[in-house]
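# Observations on the three-dimensional arrangement
Chain by chain, the residues run as shown.
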Amino acid sequence: MELIVAKFGGTSIGNGRRIKKAARSVVKEYMKGKKVVVVVSAINKTTDELLQIVDEAMEDAVTEKQLAEIVSMGEMTSVRIFSSAIEALGVKSEYIDPFMDEWPIITDSNLLNAKVDFEATEKKSKELLKLLDQGIIPVVCGFLGRDPNGYITTLGRGGSDITAFLLGHCLKADEVIIVTDVGGVMSTDPNKLQGAKKLDKISVEEMRDLATHGAQVLHPHALKYKDPDINAKIIGFEHGDLSAPGTEIIGPSKNKMVKTTTLNPEPISVVAVVGEKILNKPGILAKLTSKLAENSINIIGISTGQNSVTIFVDKKDADEAHRLLHDVVIADDNLSSLSLGRDIAMITISSPDFIDTPGIISEITKPLRDNDLNIVEISSSQTSVVIFVDWNDGKKAYELVRGVLE
Ligand code: ADP
Ligand code: ASP
Ligand code: MG
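Here the structure is a predicted model, which means the values were calculated and not measured.

## A word on the overall build of the protein
- Looking only at helices and strands, the protein has eleven helices and 17 strands in total.
- Along the longest, intermediate and shortest principal axes, the C-alpha atoms of the protein span 75 × 50 × 50 Å.
- Per-residue burial over the protein gives 48% buried out of 406 residues.
- As presented, the protein carries roughly 19600 Å² of accessible surface, and 49% of it is formed by carbon and sulfur atoms.

Shown next, in the form of C-alpha coordinates:
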(Lines give C-alpha, C1' and ligand atoms only; values in the text may rest on other atoms or scores of the structure.)
(Ligands and ions follow the chains in the order given, each with its own letter.)
Protein backbone atom coordinates (compact mmCIF):
# COMPACT_ATOMS: atom_id res chain seq x y z
CA MET A 1 0.00 0.00 0.00
CA GLU A 2 1.41 3.36 -1.01
CA LEU A 3 2.40 5.71 1.83
CA ILE A 4 2.66 9.45 1.37
CA VAL A 5 3.64 12.29 3.71
CA ALA A 6 1.90 15.58 2.86
CA LYS A 7 3.05 18.82 4.48
CA PHE A 8 0.90 21.94 4.38
CA GLY A 9 2.58 25.32 4.91
CA GLY A 10 0.96 28.26 6.71
CA THR A 11 -0.71 29.85 3.67
CA SER A 12 -2.05 26.49 2.46
CA ILE A 13 -4.13 26.28 5.65
CA GLY A 14 -4.49 30.06 6.01
CA ASN A 15 -8.28 30.08 6.61
CA GLY A 16 -11.19 27.71 7.08
CA ARG A 17 -11.89 27.31 3.36
CA ARG A 18 -8.29 26.42 2.67
CA ILE A 19 -8.21 23.92 5.52
CA LYS A 20 -11.35 22.29 4.10
CA LYS A 21 -9.76 22.15 0.65
CA ALA A 22 -6.52 20.73 2.09
CA ALA A 23 -8.40 18.10 4.15
CA ARG A 24 -10.36 17.10 1.04
CA SER A 25 -7.14 16.65 -0.93
CA VAL A 26 -5.85 14.33 1.81
CA VAL A 27 -9.06 12.31 1.94
CA LYS A 28 -9.03 12.02 -1.87
CA GLU A 29 -5.67 10.23 -1.75
CA TYR A 30 -6.84 8.10 1.19
CA MET A 31 -9.87 7.03 -0.86
CA LYS A 32 -7.51 5.91 -3.64
CA GLY A 33 -6.17 3.39 -1.10
CA LYS A 34 -3.08 5.28 0.06
CA LYS A 35 -1.85 5.70 3.62
CA VAL A 36 -1.39 9.39 4.34
CA VAL A 37 0.59 11.12 7.11
CA VAL A 38 -0.16 14.84 7.31
CA VAL A 39 2.33 17.42 8.66
CA VAL A 40 1.08 20.94 9.25
CA SER A 41 2.67 24.31 10.01
CA ALA A 42 0.99 26.97 12.08
CA ILE A 43 -1.94 28.73 10.40
CA ASN A 44 -0.83 31.64 8.24
CA LYS A 45 1.63 33.92 10.07
CA THR A 46 0.77 32.65 13.58
CA THR A 47 4.41 31.95 14.47
CA ASP A 48 5.44 35.51 13.53
CA GLU A 49 2.53 36.92 15.49
CA LEU A 50 3.32 34.91 18.61
CA LEU A 51 6.97 35.93 18.46
CA GLN A 52 6.02 39.57 18.10
CA ILE A 53 3.62 39.44 21.03
CA VAL A 54 6.27 37.83 23.22
CA ASP A 55 8.78 40.45 22.15
CA GLU A 56 6.41 43.31 23.00
CA ALA A 57 5.41 41.74 26.30
CA MET A 58 8.82 40.89 27.73
CA GLU A 59 11.60 41.36 25.17
CA ASP A 60 14.61 39.29 26.28
CA ALA A 61 13.12 38.29 29.62
CA VAL A 62 11.50 35.21 28.12
CA THR A 63 13.30 31.90 28.66
CA GLU A 64 13.99 29.49 25.81
CA LYS A 65 11.69 26.94 27.41
CA GLN A 66 8.86 29.46 27.64
CA LEU A 67 9.37 30.65 24.07
CA ALA A 68 9.42 27.12 22.63
CA GLU A 69 6.20 26.33 24.50
CA ILE A 70 4.52 29.52 23.34
CA VAL A 71 5.37 29.22 19.62
CA SER A 72 4.43 25.54 19.70
CA MET A 73 0.84 26.68 20.18
CA GLY A 74 0.71 27.57 16.46
CA GLU A 75 1.17 23.96 15.39
CA MET A 76 -0.72 22.60 18.43
CA THR A 77 -3.78 24.48 17.18
CA SER A 78 -3.45 23.69 13.49
CA VAL A 79 -3.14 19.90 13.98
CA ARG A 80 -6.34 19.90 16.03
CA ILE A 81 -8.28 21.87 13.41
CA PHE A 82 -6.89 19.89 10.48
CA SER A 83 -7.57 16.55 12.11
CA SER A 84 -11.14 17.58 12.93
CA ALA A 85 -11.63 18.76 9.34
CA ILE A 86 -10.65 15.28 8.11
CA GLU A 87 -13.06 13.65 10.56
CA ALA A 88 -15.79 16.00 9.33
CA LEU A 89 -15.30 14.36 5.93
CA GLY A 90 -16.03 10.97 7.47
CA VAL A 91 -12.49 9.58 7.79
CA LYS A 92 -10.76 8.65 11.06
CA SER A 93 -7.92 10.98 12.02
CA GLU A 94 -5.77 11.68 15.08
CA TYR A 95 -3.64 14.70 15.82
CA ILE A 96 -0.17 14.02 17.22
CA ASP A 97 1.56 16.61 19.40
CA PRO A 98 4.71 16.50 21.58
CA PHE A 99 2.75 15.79 24.79
CA MET A 100 1.55 12.44 23.46
CA ASP A 101 3.18 9.03 23.83
CA GLU A 102 3.06 8.48 20.06
CA TRP A 103 5.04 11.67 19.40
CA PRO A 104 7.85 10.71 17.00
CA ILE A 105 10.28 13.64 16.66
CA ILE A 106 12.99 13.39 19.34
CA THR A 107 15.70 16.05 19.51
CA ASP A 108 18.56 17.35 21.63
CA SER A 109 17.93 20.03 24.26
CA ASN A 110 18.80 23.05 22.15
CA LEU A 111 15.22 24.18 22.65
CA LEU A 112 14.81 26.76 19.87
CA ASN A 113 17.04 25.29 17.21
CA ALA A 114 17.05 21.64 18.12
CA LYS A 115 18.94 18.94 16.29
CA VAL A 116 17.08 15.74 15.48
CA ASP A 117 18.07 12.51 17.24
CA PHE A 118 17.67 10.36 14.17
CA GLU A 119 17.88 6.92 15.82
CA ALA A 120 15.33 7.78 18.51
CA THR A 121 13.00 9.38 15.97
CA GLU A 122 13.23 6.44 13.61
CA LYS A 123 12.25 4.10 16.42
CA LYS A 124 9.40 6.25 17.74
CA SER A 125 7.97 6.97 14.32
CA LYS A 126 6.94 3.31 13.99
CA GLU A 127 4.03 4.20 16.31
CA LEU A 128 2.53 6.10 13.40
CA LEU A 129 2.51 2.91 11.32
CA LYS A 130 0.15 1.35 13.87
CA LEU A 131 -2.32 4.22 13.36
CA LEU A 132 -2.01 3.97 9.59
CA ASP A 133 -2.72 0.23 9.75
CA GLN A 134 -5.98 1.02 11.53
CA GLY A 135 -7.04 3.31 8.68
CA ILE A 136 -6.36 6.45 10.73
CA ILE A 137 -4.82 9.59 9.19
CA PRO A 138 -2.27 11.03 11.66
CA VAL A 139 -1.86 14.80 11.58
CA VAL A 140 1.53 15.67 13.07
CA CYS A 141 2.74 19.09 14.30
CA GLY A 142 5.47 20.29 11.96
CA PHE A 143 8.42 22.29 13.35
CA LEU A 144 8.22 20.79 16.87
CA GLY A 145 10.26 18.22 18.73
CA ARG A 146 10.60 16.76 22.22
CA ASP A 147 13.88 16.52 24.10
CA PRO A 148 14.91 13.70 26.49
CA ASN A 149 13.52 15.72 29.45
CA GLY A 150 10.11 15.86 27.81
CA TYR A 151 10.50 19.58 26.98
CA ILE A 152 9.06 20.97 23.76
CA THR A 153 11.70 22.00 21.23
CA THR A 154 11.53 23.66 17.83
CA LEU A 155 13.56 22.83 14.74
CA GLY A 156 14.08 26.49 13.75
CA ARG A 157 11.99 28.71 11.47
CA GLY A 158 10.53 26.92 8.49
CA GLY A 159 11.23 23.61 10.25
CA SER A 160 8.03 21.85 9.20
CA ASP A 161 9.77 20.90 5.97
CA ILE A 162 12.33 19.01 8.07
CA THR A 163 9.51 17.19 9.88
CA ALA A 164 8.00 16.06 6.58
CA PHE A 165 11.19 14.70 5.04
CA LEU A 166 12.32 13.16 8.32
CA LEU A 167 9.05 11.26 8.73
CA GLY A 168 9.13 10.31 5.04
CA HIS A 169 12.56 8.78 5.59
CA CYS A 170 11.73 7.03 8.87
CA LEU A 171 8.47 5.58 7.56
CA LYS A 172 10.03 4.63 4.21
CA ALA A 173 7.30 6.61 2.48
CA ASP A 174 6.83 6.41 -1.27
CA GLU A 175 6.46 10.16 -1.61
CA VAL A 176 6.85 13.40 0.35
CA ILE A 177 4.64 16.22 -0.92
CA ILE A 178 5.26 19.81 0.21
CA VAL A 179 2.19 21.98 -0.36
CA THR A 180 2.95 25.69 -0.45
CA ASP A 181 1.70 29.08 -1.67
CA VAL A 182 3.52 29.05 -5.03
CA GLY A 183 3.21 26.44 -7.80
CA GLY A 184 6.55 24.79 -7.04
CA VAL A 185 10.19 25.77 -7.24
CA MET A 186 10.56 28.70 -9.63
CA SER A 187 13.48 30.21 -11.55
CA THR A 188 13.61 32.79 -8.73
CA ASP A 189 11.41 34.01 -5.87
CA PRO A 190 8.20 35.01 -7.71
CA ASN A 191 7.47 37.53 -4.97
CA LYS A 192 10.70 39.37 -5.71
CA LEU A 193 10.92 39.29 -9.51
CA GLN A 194 8.22 39.13 -12.16
CA GLY A 195 8.37 36.51 -14.86
CA ALA A 196 9.67 33.67 -12.66
CA LYS A 197 9.02 30.31 -14.31
CA LYS A 198 8.12 27.06 -12.59
CA LEU A 199 10.67 24.25 -12.86
CA ASP A 200 9.43 20.71 -13.57
CA LYS A 201 12.31 19.26 -11.61
CA ILE A 202 15.38 20.18 -9.59
CA SER A 203 18.15 18.08 -8.04
CA VAL A 204 18.58 17.79 -4.28
CA GLU A 205 22.01 19.41 -4.58
CA GLU A 206 20.67 22.43 -6.49
CA MET A 207 17.69 22.77 -4.17
CA ARG A 208 19.94 22.66 -1.12
CA ASP A 209 22.20 25.42 -2.41
CA LEU A 210 19.19 27.54 -3.41
CA ALA A 211 17.59 27.07 0.00
CA THR A 212 20.84 27.79 1.85
CA HIS A 213 21.08 31.10 0.07
CA GLY A 214 17.63 32.20 1.08
CA ALA A 215 15.02 30.53 -1.14
CA GLN A 216 12.48 29.98 1.60
CA VAL A 217 10.43 27.51 -0.40
CA LEU A 218 12.16 24.58 1.36
CA HIS A 219 14.27 24.38 4.52
CA PRO A 220 17.83 23.38 3.49
CA HIS A 221 18.16 20.85 6.33
CA ALA A 222 15.03 18.99 5.16
CA LEU A 223 16.93 17.51 2.25
CA LYS A 224 19.33 15.73 4.58
CA TYR A 225 16.54 13.16 4.91
CA LYS A 226 15.70 12.97 1.21
CA ASP A 227 16.32 9.39 0.34
CA PRO A 228 17.01 8.69 -3.37
CA ASP A 229 14.25 6.06 -3.34
CA ILE A 230 11.59 8.43 -2.03
CA ASN A 231 9.82 10.64 -4.55
CA ALA A 232 9.40 14.25 -3.52
CA LYS A 233 7.67 17.25 -4.99
CA ILE A 234 6.64 20.79 -4.12
CA ILE A 235 3.17 21.80 -5.31
CA GLY A 236 0.83 24.79 -5.03
CA PHE A 237 -2.14 24.65 -2.64
CA GLU A 238 -4.55 26.20 -5.14
CA HIS A 239 -4.97 22.89 -7.01
CA GLY A 240 -6.51 21.24 -3.94
CA ASP A 241 -5.04 18.06 -5.36
CA LEU A 242 -2.01 16.18 -4.02
CA SER A 243 -1.57 14.45 -7.39
CA ALA A 244 -1.04 17.83 -9.09
CA PRO A 245 2.30 18.29 -10.83
CA GLY A 246 4.66 20.77 -9.22
CA THR A 247 8.42 20.58 -9.04
CA GLU A 248 9.91 17.15 -8.55
CA ILE A 249 13.04 16.95 -6.38
CA ILE A 250 15.44 14.40 -7.81
CA GLY A 251 18.19 12.43 -6.03
CA PRO A 252 20.51 12.64 -4.25
CA SER A 253 22.81 10.23 -6.03
CA LYS A 254 23.66 7.29 -3.73
CA ASN A 255 27.29 8.35 -3.22
CA LYS A 256 26.13 11.71 -1.86
CA MET A 257 24.39 9.92 1.02
CA VAL A 258 27.62 8.78 2.69
CA LYS A 259 30.78 10.37 4.08
CA THR A 260 33.58 10.40 1.53
CA THR A 261 37.11 11.76 1.46
CA THR A 262 38.90 11.86 -1.87
CA LEU A 263 42.29 13.02 -3.02
CA ASN A 264 42.33 14.21 -6.62
CA PRO A 265 44.78 11.79 -8.32
CA GLU A 266 46.29 14.52 -10.51
CA PRO A 267 47.90 17.76 -9.33
CA ILE A 268 46.02 21.04 -9.72
CA SER A 269 47.70 24.28 -10.76
CA VAL A 270 46.99 27.73 -9.43
CA VAL A 271 47.25 30.90 -11.45
CA ALA A 272 47.13 34.10 -9.40
CA VAL A 273 46.39 37.36 -11.21
CA VAL A 274 47.09 40.59 -9.35
CA GLY A 275 45.96 44.16 -9.83
CA GLU A 276 45.32 47.18 -7.60
CA LYS A 277 41.64 47.67 -8.38
CA ILE A 278 40.44 44.16 -9.10
CA LEU A 279 37.44 44.42 -6.79
CA ASN A 280 36.38 47.91 -7.94
CA LYS A 281 36.32 47.46 -11.70
CA PRO A 282 33.39 45.67 -13.31
CA GLY A 283 34.13 42.95 -15.85
CA ILE A 284 37.62 41.86 -14.81
CA LEU A 285 36.52 38.42 -13.67
CA ALA A 286 34.52 37.98 -16.87
CA LYS A 287 37.55 38.87 -19.03
CA LEU A 288 39.72 36.29 -17.29
CA THR A 289 37.19 33.48 -17.24
CA SER A 290 35.86 34.02 -20.76
CA LYS A 291 39.39 33.83 -22.14
CA LEU A 292 39.73 30.37 -20.56
CA ALA A 293 36.23 29.35 -21.67
CA GLU A 294 36.92 30.34 -25.31
CA ASN A 295 39.87 27.98 -25.19
CA SER A 296 37.92 25.15 -23.51
CA ILE A 297 39.89 25.28 -20.28
CA ASN A 298 37.86 24.13 -17.31
CA ILE A 299 38.06 26.16 -14.10
CA ILE A 300 38.05 23.89 -11.04
CA GLY A 301 37.81 26.68 -8.51
CA ILE A 302 38.14 30.43 -8.26
CA SER A 303 38.56 32.85 -5.40
CA THR A 304 38.91 36.60 -5.24
CA GLY A 305 40.83 38.77 -2.81
CA GLN A 306 41.40 42.52 -2.44
CA ASN A 307 44.15 42.58 -5.06
CA SER A 308 44.08 39.19 -6.69
CA VAL A 309 42.06 36.52 -8.41
CA THR A 310 43.18 32.93 -7.93
CA ILE A 311 42.15 30.41 -10.55
CA PHE A 312 42.53 26.64 -10.15
CA VAL A 313 42.92 24.55 -13.31
CA ASP A 314 44.08 21.05 -14.19
CA LYS A 315 47.87 20.81 -14.32
CA LYS A 316 47.69 19.71 -17.97
CA ASP A 317 46.01 23.06 -18.83
CA ALA A 318 48.29 25.17 -16.66
CA ASP A 319 50.81 26.38 -19.25
CA GLU A 320 48.15 27.32 -21.75
CA ALA A 321 46.06 29.05 -19.04
CA HIS A 322 49.17 30.94 -17.98
CA ARG A 323 49.83 32.15 -21.54
CA LEU A 324 46.20 33.10 -22.23
CA LEU A 325 45.74 34.98 -18.96
CA HIS A 326 49.05 36.76 -19.52
CA ASP A 327 47.58 38.20 -22.74
CA VAL A 328 44.63 39.52 -20.72
CA VAL A 329 46.92 41.05 -18.10
CA ILE A 330 49.02 42.80 -20.74
CA ALA A 331 45.94 44.23 -22.44
CA ASP A 332 44.23 45.47 -19.27
CA ASP A 333 45.59 48.46 -17.30
CA ASN A 334 43.82 47.30 -14.16
CA LEU A 335 45.88 44.12 -14.03
CA SER A 336 49.58 44.18 -13.39
CA SER A 337 51.01 40.68 -13.23
CA LEU A 338 50.32 36.98 -12.81
CA SER A 339 52.04 33.95 -11.47
CA LEU A 340 51.73 30.23 -12.07
CA GLY A 341 52.09 28.60 -8.70
CA ARG A 342 53.36 25.22 -7.63
CA ASP A 343 51.43 21.96 -7.94
CA ILE A 344 48.52 21.65 -5.57
CA ALA A 345 46.65 18.66 -4.16
CA MET A 346 42.88 18.83 -3.87
CA ILE A 347 41.13 16.93 -1.07
CA THR A 348 37.34 16.81 -1.05
CA ILE A 349 35.43 15.78 2.06
CA SER A 350 31.66 15.35 1.71
CA SER A 351 28.92 14.28 4.05
CA PRO A 352 25.19 15.02 4.26
CA ASP A 353 25.72 15.46 8.03
CA PHE A 354 27.82 18.61 7.55
CA ILE A 355 24.69 20.64 6.85
CA ASP A 356 23.63 20.79 10.49
CA THR A 357 26.92 20.09 12.27
CA PRO A 358 28.75 23.23 13.44
CA GLY A 359 32.55 23.29 13.66
CA ILE A 360 33.28 20.86 10.81
CA ILE A 361 35.90 23.07 9.17
CA SER A 362 37.91 23.51 12.36
CA GLU A 363 37.65 19.79 13.10
CA ILE A 364 39.02 18.95 9.67
CA THR A 365 41.78 21.55 9.69
CA LYS A 366 43.00 20.90 13.25
CA PRO A 367 45.20 17.87 12.44
CA LEU A 368 46.72 19.81 9.53
CA ARG A 369 47.57 22.67 11.87
CA ASP A 370 48.95 20.24 14.48
CA ASN A 371 51.20 18.71 11.81
CA ASP A 372 52.35 22.05 10.39
CA LEU A 373 50.74 21.43 7.01
CA ASN A 374 49.91 24.68 5.27
CA ILE A 375 46.50 25.08 3.61
CA VAL A 376 46.80 26.98 0.34
CA GLU A 377 43.06 27.53 -0.03
CA ILE A 378 39.85 26.17 1.41
CA SER A 379 36.31 26.33 0.12
CA SER A 380 33.13 24.89 1.48
CA SER A 381 29.51 24.34 0.59
CA GLN A 382 26.70 22.95 2.75
CA THR A 383 27.77 19.35 2.41
CA SER A 384 31.41 19.46 1.37
CA VAL A 385 34.75 21.00 2.22
CA VAL A 386 37.52 21.26 -0.37
CA ILE A 387 41.08 21.75 0.86
CA PHE A 388 44.00 22.68 -1.35
CA VAL A 389 47.49 21.92 -0.03
CA ASP A 390 50.94 21.68 -1.55
CA TRP A 391 51.15 18.60 -3.81
CA ASN A 392 53.93 17.12 -1.67
CA ASP A 393 51.72 17.39 1.42
CA GLY A 394 48.72 15.86 -0.35
CA LYS A 395 48.98 12.21 0.76
CA LYS A 396 49.73 13.06 4.39
CA ALA A 397 46.97 15.68 4.55
CA TYR A 398 44.53 13.22 2.99
CA GLU A 399 45.31 10.54 5.61
CA LEU A 400 45.01 13.04 8.48
CA VAL A 401 41.70 14.41 7.25
CA ARG A 402 40.32 10.94 6.62
CA GLY A 403 41.29 9.97 10.17
CA VAL A 404 39.12 12.77 11.61
CA LEU A 405 35.94 11.51 10.03
CA GLU A 406 36.31 7.80 10.57
P1 ADP B 1 5.22 27.66 3.53
O2 ADP B 1 4.48 28.48 4.53
O3 ADP B 1 4.32 26.88 2.63
O4 ADP B 1 6.30 26.82 4.16
P5 ADP B 1 7.20 29.59 2.74
O6 ADP B 1 6.79 31.02 2.82
O7 ADP B 1 8.09 29.05 3.79
O8 ADP B 1 5.90 28.70 2.55
O9 ADP B 1 7.92 29.32 1.32
C10 ADP B 1 7.26 29.71 0.14
C11 ADP B 1 7.85 31.02 -0.36
O12 ADP B 1 9.18 30.78 -0.80
C13 ADP B 1 7.18 31.61 -1.57
O14 ADP B 1 6.06 32.39 -1.22
C15 ADP B 1 8.27 32.43 -2.23
O16 ADP B 1 8.17 33.80 -1.91
C17 ADP B 1 9.55 31.91 -1.59
N18 ADP B 1 10.58 31.52 -2.59
C19 ADP B 1 11.85 31.93 -2.57
N20 ADP B 1 12.54 31.45 -3.61
C21 ADP B 1 11.69 30.68 -4.32
C22 ADP B 1 11.82 29.90 -5.51
N23 ADP B 1 12.98 29.79 -6.18
N24 ADP B 1 10.72 29.24 -5.94
C25 ADP B 1 9.56 29.32 -5.26
N26 ADP B 1 9.38 30.05 -4.15
C27 ADP B 1 10.41 30.73 -3.67
N1 ASP C 1 5.47 27.63 11.80
C2 ASP C 1 6.89 27.57 11.73
C3 ASP C 1 7.45 28.88 11.15
O4 ASP C 1 6.70 29.75 10.78
C5 ASP C 1 7.40 26.39 10.97
C6 ASP C 1 7.07 26.35 9.50
O7 ASP C 1 6.23 27.10 8.99
O8 ASP C 1 7.66 25.51 8.80
O9 ASP C 1 8.64 29.00 11.08
MG1 MG D 1 8.23 27.26 4.89
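Back to the write-up after that little detour.
## A short note on the site of ligand 2
- Neighbouring ligand 2 are Ser 41, Ala 42, Thr 47, Glu 75, Phe 143, Arg 157, Gly 158, Gly 159 and Ser 160.
- Within the side chain of Ser 160, a nitrogen or oxygen atom sits 2.9 Å from an oxygen atom of ligand 2.
- Considering ligand 2 on its own, with 260 Å² of exposed area, one finds that the protein chains cover 86% of that surface.
- In the shell around ligand 2, the residues fall into two nonpolar, five polar and two charged.

## Observations concerning the UniProt feature "domain: ACT" (unreviewed entry) in the protein
- Sites flagged by UniProt as "domain: ACT" (unreviewed entry) map to residues 273-352.
- Each end of residues 273-352 is marked by a C-alpha atom, and these two atoms are 34 Å apart; helix forms 31% of the span and strand 36%.

## Details of the packing of helix 2 (residues 46-58) against helix 3 (residues 64-88)
- As a packed pair, helix 2 and helix 3 sit with axes 8 Å apart at the nearest point and diverge in direction by 150°. With respect to their mutual orientation, helix 2 and helix 3 come out roughly antiparallel. As for the relative orientation of helix 2 and helix 3, their crossing is right-handed in sense. Contact residues: Thr 46, Thr 47, Leu 50, Leu 51 and Val 54 in helix 2; Leu 67, Ile 70, Val 71, Gly 74 and Glu 75 in helix 3.
- Classifying every residue of the contact of helix 2 with helix 3 by side-chain character gives six nonpolar, three polar and one charged.

## Some thoughts on the pairing of strand 7 (residues 175-180)
- Most of strand 7 sits inside the fold, with six of its six residues counted as buried.
- Here strand 7 shows a buried face lined by Glu 175, Ile 177 and Val 179 and a second buried face lined by Val 176, Ile 178 and Thr 180.
- As judged from the five bridges shared by strand 1 (residues 3-8) and strand 7, these two strands associate in the parallel manner. In the strand pairing of strand 7, Ile 4 is matched with Glu 175.
- Alignment of strand 7 against strand 9 (residues 231-236), held across six bridges, turns out to be parallel. Following the sheet pairing, Val 176 is matched in strand 9 by Ala 232.

Basis of the calculations
Residues numbered from 1 in each chain as written. Chains lettered and ligands numbered in written order. Predicted model: local features only at pLDDT ≥ 70, side-chain atom pairs only at ≥ 80, totals over all residues. Heavy atoms only, no water. Helix = DSSP H or I, 4+ residues; strand = E, 2+ residues; numbered from the N terminus. Buried < 20%, exposed > 50% of the residue type's maximum accessible area, 1.4 Å probe, protein only. Areas by Shrake-Rupley, 256 points an atom, 1.4 Å probe, with all protein chains shown as cover. Near = heavy atom within 4 Å. Polar contact = N/O pair within 3.5 Å; in protein donor to acceptor, adjacent residues only side chain to side chain. Nonpolar A, V, L, I, M, F, W, Y, C, P; charged D, E, K, R; others polar. UniProt positions renumbered as here; feature names shortened; annotations may be inferred. Axes fitted to C-alpha atoms, helices over the stretch in contact; angles between N-to-C directions. Parallel < 35°, antiparallel > 145°, perpendicular 65-115°, else oblique. Left-handed = near helix turned anticlockwise from the far one by under 90°. Contact = heavy atoms within 4.5 Å. Pairing = 2+ DSSP bridges.

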